[in-house]
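Listed below, chain by chain, are the residues.
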Amino acid sequence: MSTTLVRPTAPAASAPAPTPQGAFTWGQVRAALPGAFRKLDPRGMWRNPVMFIVWVGAALTSVLAVVEPFVGGPAQSGGTDVPGSFTAVIAVVLWLTVVFANLAESVAEGRGKAQADSLRRTRTATAAHQVATYDEVGDPDATRARLVEVSSADLRLGDVVVVTAGELVPGDGEIVHGIASVDESAITGESAPVIRESGGDRSAVTGGTRVLSDRIVVRITSQPGETFVDRMIALVEGASRQKTPNEIALSILLASLSIVFVVVALTLNPIASYAAAPVSVAVLVALLVCLIPTTIGALLSAIGIAGMDRLVQHNVLAMSGRAVEAAGDVTTLLLDKTGTITYGNRQAAEFLALGGTPQAELVRAAAVSSLADPTPEGTSIVDLARRDGVDVGQGVPGEVVPFTAQTRMSGLDEPDGTQIRKGAGSAVTAWLEEGGTPLADDLRAEMTAAVEHVAQSGGTPLVVAVRAPGQPGRVLGVVHLKDVVKEGLAQRFAELRAMGIRTVMVTGDNPLTARAIAAEAGVDDFLAEATPEDKLALIRKEQDGGHLVAMTGDGTNDAPALAQADVGMAMNSGTSAAKEAGNMVDLDSDPTKLIDVVRIGKQLLITRGALTTFSIANDVAKYFAIIPAMFMGVFPGLQALNVMGLSSPSSAVLSAIVFNALVIVALIPLALRGVRYRPLDASAILGRNLLVYGVGGVVAPFVGIWLIDLVVRLIPGY
Amino acid sequence: MTALTTLLSLGAVLLVLAALYRPFGDHMAHVYSTDRDGKVERGLYRVLGVAPRTEQTWPTYLRSVLAFSFVGMVVVYALQRTQQWLPWSLGLPAPSEHLSFNTAASFVGNTNWQSYSPEVTLGYTVQTAGLAVQNFVSAAVGMAVAVALVRGFAYRRSGTIGNFWVDLVRGFLRILLPVAAVAALALVVGGVVQNVAGFTDVTTLAGGTQSIPGGPVASQEAIKLLGTNGGGFYNANSAHPFENPTQWTNLLQILLMLVIPFCLPRTFGRMVGDHRQGYAIAGTMAALFTVSFVALVALESAAMGTAPQLAGAATEGKETRFGIVWTALFATTGTGTSTGAVNSMHDSYTALGGMLPMLNMMLGEVAPGGVGSGLYGMLVLAVVAVFVAGLLVGRTPEYLGKKIGPREIKLASLYILVTPTLVLAGTALSFAVPALRDSVEGTSIWNPGVHGMSEVLYAFTSAANNNGSAFAGITANTPWLNTALGVAILLGRFVPVVLVLALAGSLAQQDKVPTSAGTLPTHRPQFVGLLAGVVVILTALTYFPVLALGPLAEGLI
């Protein structure tokens, strides 16, 4: 499955392939830097309370740094001498902290920009041939109607246009008449053209795609500015990014932690004034900035943008960030059997000879009669025969009898008059009876047993019979056509189970076949002979039990279920009704991707949690750096708390805030890439992440601040 | 020797609590969930005009709590201000307005901070009709609020969280009253005074005369401890031989303080239908408690200085009949629960040792905390811990099947903001405003310097966390401290109650998410460790800077 957008030959939009996930190059940084400085505008900073506090601290210390040389700054803080440059240095580091935070967001946004630009090119206004008065009944292909040339930007909901080969589709719409091959590479990155036709589930066309052949009549289904491409651009640019509930909750927690530390900082000097000595404003601001959760505060929005971006790189468009988060919470996955669990076409698995027929005869008959059959089933019979070592030749020896709905058989009439027929057991039996040679009872019983055996194992039985001229017709045997389950699925389902996600296979097959395939694929449950209503009912039932359900769908009749599901991923090849109903669209139309979407959703939440834990755990070491430093002059005994052996109070405070700033930069790649996610049960994941980000978060700053101090102490005066 | 006693004393207490955990916790769960009312209860409901089977929404429940507490406050204030006309007042005058306000707030807020010397300030009527009543009902209010929160977790798609009046009456009649009655008898047997004899003048051996105050001590003592109130009949509190005469009454008092806070997690586990959740909460409480206790014993035994080294430990301010270990256990219990009862003077501890009772309170009174308030405080912190840890496993965090969304986290965040803000702002104001600072420096603080700062910090910590113990060495009966501490008590009690009930309402409305392998397990030692870590980092560490100016500055020489 592709993980990056590849756009090999798309003429309409040849954008450079996005950089691989997690890459964080100098080029990106350079491109993002102007944005990082633009974001210093306090009106924007205000939206991130944690970083806004740092901004205010930076501004305050900057003013002090400028004023101090004239009015004379405090020579002492907490009873210790401070170097003259101290306030200015603190101010510089604080500004850097804010810039680093903005940089993280800018880099994350920059990654979507390239995609947005290429999409925007497809949106340029084109000429459209609007049908002035469309007569649906009298003139469905609009050959006699008057065509008016209008700009695509002027098309309204419900307008009807004609698009001919070589033209761009002027807007999102539904084909009302005709069939055409369409190049959708501008949207999907897939260069192979796709067929779009009126009626059924493949009638939707997207504005900006190119019709390669034929002529179609399209009814526009979107208002200008609200097209699919418009929404895509807004999404990848992060312009319409709204905070998700979970992000809001985290922001609230971070804001309230920040408020606690603002209170701590504001109340410290009055209390210190009684029995100790007040500390300078610069030290107080440094203490505050170190204690508030700046690491996660700085990276929070970058994590969210990068999470959406990861989805886009998987060629999935989420209509909201909420949907991505919901994907992480999903507890029940509804998977369509065909195309998701199985390859969607049946393959010959074995030949079962009946009534003493030599195996080779059955294999040869089945194979030669399939040579002209281009379907996957037909070729798979030939392939299996060749693997069995039977020479079936190349050319078709005789006249092909195609499958018809009436006979429900296909076959071959050989030049010598021998007739070979393949088909369902009942059809073949009828054919034999019609030829005057009904099956013997024992043979019929043997055939029925073989047919049932195949059906029970989830396969489709194909009975092969032959009638040579002048001879009675004979049943040769049964070909076992098997619904082949995709490789590796059983393991993925086991992983999902470990993650606490139940998989339910949905199929139109009878319960017998469904059970067999469900067992082979390793899904937890199945819904057989499913109608769209059954699907909807199942979703409702699961949701009533408190489960969150994800599903895929492409047809108009899937729309209610897609809308009802917590995560509804519509296939891009599907109808616009399905796409409207779902909250995600998979541009590759690969339903298996639902599993990746779940993984990305979880990864997004874990990344947030990991950096929050790390950020809060960091506080322990910072306390031990700054607290003794603040009052060591008055209370030399506090040196006992200086476990890192930092050289002087000034260097301790400076080292702590330098660490605080650098850790943001160090973690930008992690924020963009997301932490590694392994499909384990919650307890194991928690144990591992607590160890890495919790315990690691306590230990890392002790080492980091100590190392930075080794450098800072070399500066004269520190 | 000390190590062995430490182990034995802690072991004995934990053993008794472990034995009581299941039967008493289950009993309380039954009390709060049964459909049957007693005769007396039905009578009370008729008098109060309450339909006992009608549940309340959270705003209604909250209004009931606030109205009931407000009335209680007015009654206690009025009783004090009219003391000179009340019978059995031993001829004592009415306390000042600010002292009366402070005392009313303190007892209604289950804090029992005492800015006065009780035996020479308040007569029997105020002590019994005012304070003792509040000792019962303020404890019952705390338990009711905790049970309402537990119902929030237990209920599904419910608009209501129980009926406050039913919870109040049942908590009082079926839990506090019977246990307190038995405990009072036991204390009398142990030698605690119980009379209405007033002051008895005696001639001492040395020939002087002494006025010995008697009173209904044992009955008030029982509920003072059981309801984690802490307001003693005598100023010396449980260090007074009339309140706490012997080693075994000392043990009984410790157990009385711990029994409800430590058994409520069982009630919680039973009501949410998963006992393991209760064990996890109780385990976290016990772990924090044990660490604090052992640290206190170690610090007090290893005290530096000539006198402590000669005595083998820092014995100043401690009763010799209890010794270091039992004193430390009482101190850890008195401050780890929100009782605030003392059998020694914390002010006289070593500098670092004195920091531990302060830290116990700074944890937010959750290890194990007050009756009810300890459980709801710990559950709110668990919500925060689950939120962070839930993200770590890649799911929208959920606790006991309830999703922790923006509204829940908003309420929990505000909750953890309340007490640090009150403590730090109160302490800072005391030193920042010149007029207040004059009063604090001139009148209140007895030990100038760093230790004096600790005394003020301790006072505000005790008040805002509804503990009520004093560091001693401070005169709190001044207009500023009486008013400021009274306000801190009221805000520290009722703002969290508002938030907790809102949280209960929000949780009760939710459906339950079924647990699966992907759900964060909240019953394993892993979670206990996480919760303890969150408690320490989010609450106690906030105070690290101010502690550096007080006990740490004093203790690290």
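Residues numbered from 1 in each chain as written. Chains lettered and ligands numbered in written order. Predicted model: local features only at pLDDT ≥ 70, side-chain atom pairs only at ≥ 80, totals over all residues. Heavy atoms only, no water.

Selection rule: UniProt positions are given in the numbering used here, feature names are shortened, and annotations may be inferred rather than shown by experiment.
As annotated in an unreviewed UniProt entry, chain B is Potassium-transporting ATPase potassium-binding subunit from Cellulomonas avistercoris. What UniProt states about chain B under its Sequence similarities (unreviewed entry) heading is, verbatim, "Belongs to the KdpA family."

The name an unreviewed UniProt entry assigns to chain A is Potassium-transporting ATPase ATP-binding subunit, from the organism Cellulomonas avistercoris. According to UniProt, the comment filed for chain A under the heading Catalytic activity (unreviewed entry) is "K(+)(out) + ATP + H2O = K(+)(in) + ADP + phosphate + H(+)". Taken directly from UniProt, the Sequence similarities (unreviewed entry) text for chain A runs: "Belongs to the cation transport ATPase (P-type) (TC 3.A.3) family. Type IA subfamily."

A short note on the overall build of chain B
The cut-off we apply is this: Going along the chain from the N terminus, every DSSP run of H or I of four or more residues is numbered as a helix, and every run of E of two or more is numbered as a strand. The globule rule is 2.2 Å times the number of residues to the power 0.38, and the radius of gyration it is compared with is taken over C-alpha atoms. To sort residues, take the accessible area from a 1.4 Å probe on protein chains only and compare it with the maximum for the residue type: under 20% means buried, over 50% means exposed, and anything in between is partly exposed. Note on contacts: a residue pair qualifies if any of its non-hydrogen atoms lie within 4.5 Å across the two residues. Here the accessible surface of atoms and residues is derived via Shrake-Rupley with a 1.4 Å probe, and residues count as covered only by protein chains that are part of the display. Asp and Glu are treated as the negative residues and Lys and Arg as the positive ones, with His and the ends of the chain left uncounted. By convention, the point assigned to a charge is CZ for Arg, NZ for Lys, CD for Glu and CG for Asp.
A tally of helices and strands in chain B yields 20 helices and 4 strands. The C-alpha atoms of chain B give 23 Å as radius of gyration, which agrees with the globular expectation for 557 residues (24 Å, within 12%). The 557 residues of chain B split such that 64% are buried. Considering only contacts in chain B between residues 6 or more positions apart, those separated by 24 or more positions represent 78%. For chain B, the accessible surface area stands at approximately 18,100 Å², while carbon and sulfur atoms represent 68% of it. Here chain B carries 28 positive and 24 negative side-chain charges, and the mean point of each set is 17 Å from the other.

A closer look at the UniProt feature "binding site: ATP" (unreviewed entry) in chain A
The positions that UniProt labels "binding site: ATP" (unreviewed entry) are, in the present scheme, Asp373(A), Glu377(A), Phe403(A), Thr404(A), Ala405(A), Gln406(A), Thr407(A), Arg408(A), Met409(A), Ser410(A) and Lys422(A). Counting through the fold element by element, Glu377(A) comes out in helix H12 (residues 376–387).

Remarks on a nonpolar patch on the surface
We count it as follows: Here the term patch refers to residues with relative accessible area over 30% and no salt bridge, with like charges joined within 9 Å and nonpolar side chains (Val, Leu, Ile, Met, Phe, Trp, Tyr) within 5 Å. Salt bridges are counted wherever a side-chain nitrogen of Lys or Arg sits within 4 Å of a carboxyl oxygen of Asp or Glu.
Together, Leu691(A), Val692(A), Val695(A), Val699(A), Val703(A), Trp706(A), Leu707(A), Leu710(A) and Val711(A) give the surface a local cluster of nonpolar side chains, amounting to about 770 Å² of exposed area. Given the relative accessible area of 44%, Val699(A) is considered partly exposed.

Side note on the pairing of strand S23 (residues 567–571) of chain A
Residues and elements named next belong to chain A. We apply this condition: Here a strand pair is declared whenever DSSP counts at least two bridges between the two strands. By the criterion used throughout, a crossover qualifies as right-handed when its path from the first strand across the helix to the second strand runs clockwise, the strands pointing away from the viewer.
Counting buried positions along S23 yields 5 of 5 residues, so the element is predominantly enclosed. Because side chains alternate across S23, one face comprises the buried residues Val-567, Met-569 and Met-571, and the other comprises Gly-568 and Ala-570, equally buried. Both strand S22 (residues 549–553) and S23 contribute to a ladder of 4 bridges, which runs parallel. The residue of S23 that forms the bridge with Ala-550 is Val-567. In this fold, the crossover linking S22 to S23 by way of helix H18 (residues 559–564) has right-handed handedness. Where S23 lies against strand S24 (residues 584–586), 3 bridges are found, and the strand directions are parallel. Pairing of Met-571 across the sheet is with Asp-586, part of S24.

Side note on the sheet that holds strand S12 (residues 316–318) of chain A
Strands in a sheet are paired, the pairing made by backbone hydrogen bonds, and the direction either parallel or antiparallel. Residue and element names in this part refer to chain A. The following threshold applies: Under this scheme, a helix contributes an axis fitted over its contacting stretch, all axes are lines through C-alpha atoms, and angles between N-to-C directions fall in the 0 to 180 degree range.
A sheet is described by the order of its strands in space; here 7 strands give the open sequence S12-S24-S23-S22-S13-S20-S21, paired in mixed fashion. The open sheet has two edge strands with one neighbour each: S12 and strand S21 (525–527). Taking the axes of each pair of neighbouring strands and ignoring which way they run, one obtains an average angle of 20° across the sheet. Contacts between helix H9 (residues 294–313) and the sheet are confined to S12 and S24, with S12 contributing the most and set at about 140° to the helix. The strands touched by helix H20 (residues 593–631) are S12, strand S13 (332–336), S22, S23 and S24; relative to S13, the strand with the most contacts, the crossing angle is about 160°.

What about unusual backbone geometry?
All names here are of chain B. Of the consecutive residues Ala-367 and Pro-368, the connecting peptide bond is found in the cis state with omega at -5°. By the element assignment, Pro-368 lies in the loop between helix H12 (351–362) and helix H13 (373–392). The backbone of Leu-90 shows a phi angle near 55°, a positive value even though the residue is not glycine. When you line up the elements, Leu-90 lands in the loop between helix H3 (58–81) and helix H4 (97–108). The partly exposed category is assigned to Leu-90, whose relative accessible area is 33%.

Points about the confidence of the model for chain A
Counted only if it meets this: pLDDT runs from 0 to 100 and stands for how confident the predictor is about each residue.
Mean pLDDT over chain A stands at 84; residues scoring 70 or higher make up 94%. Note that pLDDT drops below 50 for residues 1–22 of chain A; the model gives that stretch 47 contacts with residues more than four away or on any other chain.

Structural notes on the environment of Leu299(A)
Residues and elements named next belong to chain A. The topology assignment puts Leu-299 in helix H9. For Leu-299, a relative accessible area of 0% gives the class buried. In this structure, the C-alpha to C-alpha distance between Leu-299 and Leu-412, residues 113 residues apart in sequence, is 68 Å. In this structure, Leu-299 is in contact with Ala-104, Leu-611, Ile-664, Leu-667, Ile-668 and Ala-671, ignoring residues within four places of it in sequence.

Side note on the UniProt feature "binding site: Mg(2+)" (unreviewed entry) in chain A
Residues and elements named next belong to chain A. Feature annotation in UniProt assigns "binding site: Mg(2+)" (unreviewed entry) to the following positions: Asp-554 and Asp-558. Along the polypeptide, Asp-554 turns up in the loop between S22 and H18. Overall, Asp-554 belongs to the partly exposed group, its relative accessible area being 30%. Look past the residues within four positions of Asp-558 in its chain and what remains in contact with it is Lys-535 and Gly-553.

Points about the environment of Ser273(A)
The cut-off we apply is this: Under the rule applied, a polar contact is a pair of N or O atoms within 3.5 Å (in protein, one hydrogen donor and one hydrogen acceptor; residues adjacent in sequence only if both atoms are side-chain atoms).
With respect to the helices and strands, Ser273(A) occurs in helix H7 (residues 245–275). Residue classification places Ser273(A) among the partly exposed positions, given a relative accessible area of 27%. Along the chain, Ser273(A) and Pro397(A) lie 124 residues apart, while their C-alpha atoms are 105 Å from each other. Ignoring sequence-local partners within four residues, the contact set of Ser273(A) consists of Phe431(B) and Arg437(B). Polar contacts involving the side chain of Ser273(A) include one to the main-chain carbonyl oxygen of Pro270(A), which spans 2.5 Å.

Quick notes on the sheet that holds strand S3 (residues 127–131) of chain A
Spatially, 6 strands are ordered S4-S3-S5-S11-S6-S9 (chain A) in an open sheet, and the strand pairing comes out antiparallel. Among the strands making up the open sheet, the edge pair consists of strand S4 (147–151) and strand S9 (204–205) of chain A.

Notes on the UniProt feature "transmembrane region" (unreviewed entry) in chain B
UniProt records the feature "transmembrane region" (unreviewed entry) for residues 61–79, 136–154, 175–193, 280–299, 375–393, 414–436, 484–507 and 527–548 of chain B in the present numbering. Taken end to end, residues 175–193 of chain B is 84% helix and 0% strand, and its two terminal C-alpha atoms sit 24 Å from one another.

Quick notes on the side chain of Gln220(B)
Residue and element names in this part refer to chain B. Position of Gln-220 relative to the elements: it lies in helix H7 (residues 217–226). A polar contact is formed between the side chain of Gln-220 and the side chain of Gln-127, at a distance of 3.4 Å. Discounting residues that sit within four places of it in the chain, Gln-220 has contacts with Gln-127, Asn-135, Gly-231, Gly-232 and Phe-233.

Things to note about the packing of helix H9 (residues 275–301) of chain B against helix H18 (residues 525–538) of chain B
Residues and elements named next belong to chain B. Formally: Roughly parallel here means an angle under 35 degrees, roughly antiparallel means over 145, roughly perpendicular means 65 to 115, and every remaining angle is called oblique. For any pair of crossing helices, the crossing counts as left-handed if the nearer helix is rotated counterclockwise from the farther one by less than a right angle, and right-handed if it is rotated clockwise. When residues are sorted by character, Ala, Val, Leu, Ile, Met, Phe, Trp, Tyr, Cys and Pro go into the nonpolar class, Asp, Glu, Lys and Arg into the charged class, and all the rest, Gly among them, into the polar class.
Contact pair H9 / H18: the axes reach a minimum separation of 9 Å and the direction vectors enclose 55°. Viewed along their axes, H9 and H18 adopt a mutual orientation that is oblique. As H9 runs across H18, the sense of the crossing is right-handed. Residues Ala-280, Ile-281, Gly-283, Thr-284 and Leu-288 of H9 form the contact with H18, whose own contacting residues are Val-528, Leu-531, Ala-532, Val-535 and Val-536. Along the lines of polarity and charge, the residues of the contact of H9 with H18 split into 8 nonpolar, 2 polar and no charged.

Looking at the interface of chain A and chain B
Rules: Once two parts are put together, the accessible area they lose, assessed with a 1.4 Å probe and summed over both, is termed the buried area.
Taken together, the contacts link 60 residues of chain A with 63 residues of chain B. Taken together, both faces of the contact between chain A and chain B bury some 5,100 Å²; the carbon and sulfur share is 76%. Here chain A is connected to chain B by 13 residue pairs in polar contact (both at pLDDT 80 or more). Sorting the residues of the side of chain A that touches chain B by element identifies H7, helix H10 (321–329), helix H15 (489–498), H20 and helix H22 (682–712) of chain A as the ones contributing at least two each. When residues in the side of chain A that touches chain B are grouped by element, the largest group, 21 residues, is from H7(A). A per-class count over the side of chain A that touches chain B returns 37 nonpolar, 17 polar and 6 charged.

A closer look at the pairing of strand S16 (residues 409–413) of chain A
All names here are of chain A. Of all 5 residues in S16, 4 are buried, a share of seventy percent or more. For strand S15 (residues 399–401) and S16, the ladder comprises 3 bridges, and the chain directions are antiparallel. The partner of Val-401 across the bridge, within S16, is Gly-411. Pairing analysis gives 5 bridges linking S16 to strand S17 (residues 419–423), with the strands arranged antiparallel. What sits directly across from Met-409, in S17, is Gly-423. Counted between consecutive antiparallel strands, the loop separating S16 from S17 contains 5 residues, among which Gly-417 sits at a positive phi close to 95°.

Considering the packing of helix H3 (residues 49–71) of chain A against H9(A)
All names here are of chain A. At a minimum axis separation of 8 Å, H3 and H9 run at an interaxial angle of 115°. Two packed elements cross with a definite hand, and for H3 against H9 that hand is left-handed. Contact with H3, carried on its side by Val-50, Met-51 and Val-54, involves Thr-294, Gly-297 and Ala-298 of H9 and no other residues of that element. Grouping the amino acids of the contact of H3 with H9 by side-chain chemistry returns 4 nonpolar, 2 polar and no charged.

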